[in-house]
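Structure assessment
Read off the chains here:
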Amino acid sequence: MVPRIVVMRMLVMRSLTVAAMLLAGRGSAPTLDNGLARTPPMGWNSWNAFGLKMNEAMIRSTADAMVSSGLKAAGYQYIIVDAGWKANSRDAGGRLQADAEKFPSGMKALADYVHSKGLKFGIYTDAGSEDCVSGAPGSRGFEELDAASFAEWGVDYVKEDWCNTTGVNTRDAYKKMSQAILKTGRPMVFSMCEWGDNQPWKWAAPVANLWRTTGDSKDCWECGRATMNKPGGYPRGWVLILDAQPPLAAYAGPGRWNDTDLLQVGNSGLTTEESQAQFSLWAILAAPLIATNDLRFMAPEIRDLLANQEVIAVDQDSQGTEGTRVRAAGRGEIWMRPLADGSRAVVLFNRSRSRRTVRVRWIDIGSKPTDALPLRDLWKHQDLGIVKTGYTARVPSHGVVMIKAGPPAK
Ligand code: GLA
């Protein structure tokens, strides 16, 4: 039996976590003053879908699919071309150029096409001498020239990676690119990708709109545990990324987000339940919702999952407070995010290998047991009535039940 004093201490710790979160999202460090990403960016990135093997036709047809699938209407905006677009050398004027075989029309034409669909265009570079795997030139020492090229092409979002950076000071390098982007006068979201190595949540808010918190995600549940702490951004299952987030929640807010990397939703290594769980928890984390599946050949259930308006509304909540884990009872966990209307988004998460019962008590989410909270199931799209004390659900293995609770009925 757990001694009473320990139980008391656990209860106090829990209410402190909830209280700290209710105050979060109001960090004192200034936020990058570019007016962008007031809610977490939503879009698609080429990396896990296509890797280096992509070309302009594939990106154009992905932009088409973003529209025809209804994902644009659901709020997805950015089509981001990750590593693999650059030629292996700069031009005579030192400017980056597109790989002429894969992108014969050039990046401006591609950006124009993406814009013609009512979408925005994102691009990838690296803070070091070379990109990570393609051998193409990085932006080290060329920040102003590269930012100017991006602006000229009509880029709306720049992701800057961290390979081949021996001897480079992280803060200086990202600050340089941030300032170079501002200097162009074109609004471009700035996304830092140094894998959390230098605790960017503590200093990057004035520099970037989002910063990666860990190494790369992979389409698996929790693979990569053994290698995840090695330098260089080794891929890992999304559950391992999730587990790294609770201490970081207070650093996020409008215009400054913890980036938990791409949504692996719909990629072959995840079950539909695992995809649904990642999507729900990313919404609790106020994470960027950047898909990286092949949008052109999506199963209908994956499309519906990515387009769930009620879960997207949680992710895009205007208050911008990042949620966190408020209770772990064995393999059943409660994650909660406070929302602008005074309600709470709550995920009942089952990490075990079999279906199990998970209960959220109102005290777990900062409410009183006597509060009568209107409940809504955000996946079934059903009202569940007005409930006191707590809510219990059967949750599939590696899956979630996601509800919105409150605000309290008067
Ligand atoms: C790094 C980044 C990834 C992706 C690849 C591309 O691993 O962390 O997000 O951009 O590079 O090479």
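Here the structure is a predicted model, which means the values were calculated and not measured.

1. Notes on the sheet that holds strand 1 (residues 42–45)
If you trace the eight strands from one edge of the open sheet to the other, you get 7-6-5-4-3-2-1-8, paired in parallel fashion. Strands with a single pairing partner mark the edges of an open sheet, and in this sheet they are strand 7 (257–259) and strand 8 (289–291). Strand-to-strand twist in this sheet, taken as the mean axis angle between neighbours without regard to direction, amounts to 25 degrees. As paired elements, strand 1 and strand 2 (residues 78–81) share three bridges and run parallel to each other. Bridging across to strand 2, Gly 43 finds its partner in Tyr 78.

2. Examining empty space enclosed by the protein
Counted by the stated rule, this structure contains one cavity of 30 Å³ or more. Of the voids in this model, the largest cavity is the one considered here, and its volume is about 100 Å³. Lining of the largest cavity is provided by 13 residues; of these, Tyr 157, Lys 159, Asp 259, Asp 261 and Leu 262 occupy positions nearest its centre. Looking at the lining of the largest cavity, the elements with two or more residues in it are strand 4 (157–161) and strand 6 (210–212). Class assignment for the residues of the lining of the largest cavity results in seven nonpolar, two polar and four charged.

3. Here we look at the environment of Gly 122
Locating Gly 122 in the fold gives a position in strand 3 (residues 120–126). For the pair Gly 122 and Phe 150, spaced 28 residues apart in the sequence, the C-alpha separation amounts to 9.2 Å. Gly 122 has contacts with Ile 79, Ile 80, Val 81 and Tyr 157, leaving out every residue within four places of it along the chain.

Basis of the calculations
Residues numbered from 1 in each chain as written. Predicted model: local features only at pLDDT ≥ 70, side-chain atom pairs only at ≥ 80, totals over all residues. Heavy atoms only, no water. Pairing = 2+ DSSP bridges. Helix = DSSP H or I, 4+ residues; strand = E, 2+ residues; numbered from the N terminus. Axes fitted to C-alpha atoms, helices over the stretch in contact; angles between N-to-C directions. 1 Å grid on protein atoms, 1.4 Å probe; cavity = no way out; pocket = protein on both sides within 12 Å on 5 of 7 lines; lining within 4 Å. Points joined across faces, edges and corners; volume = space filled by probe spheres on them. Nonpolar A, V, L, I, M, F, W, Y, C, P; charged D, E, K, R; others polar. Contact = heavy atoms within 4.5 Å.

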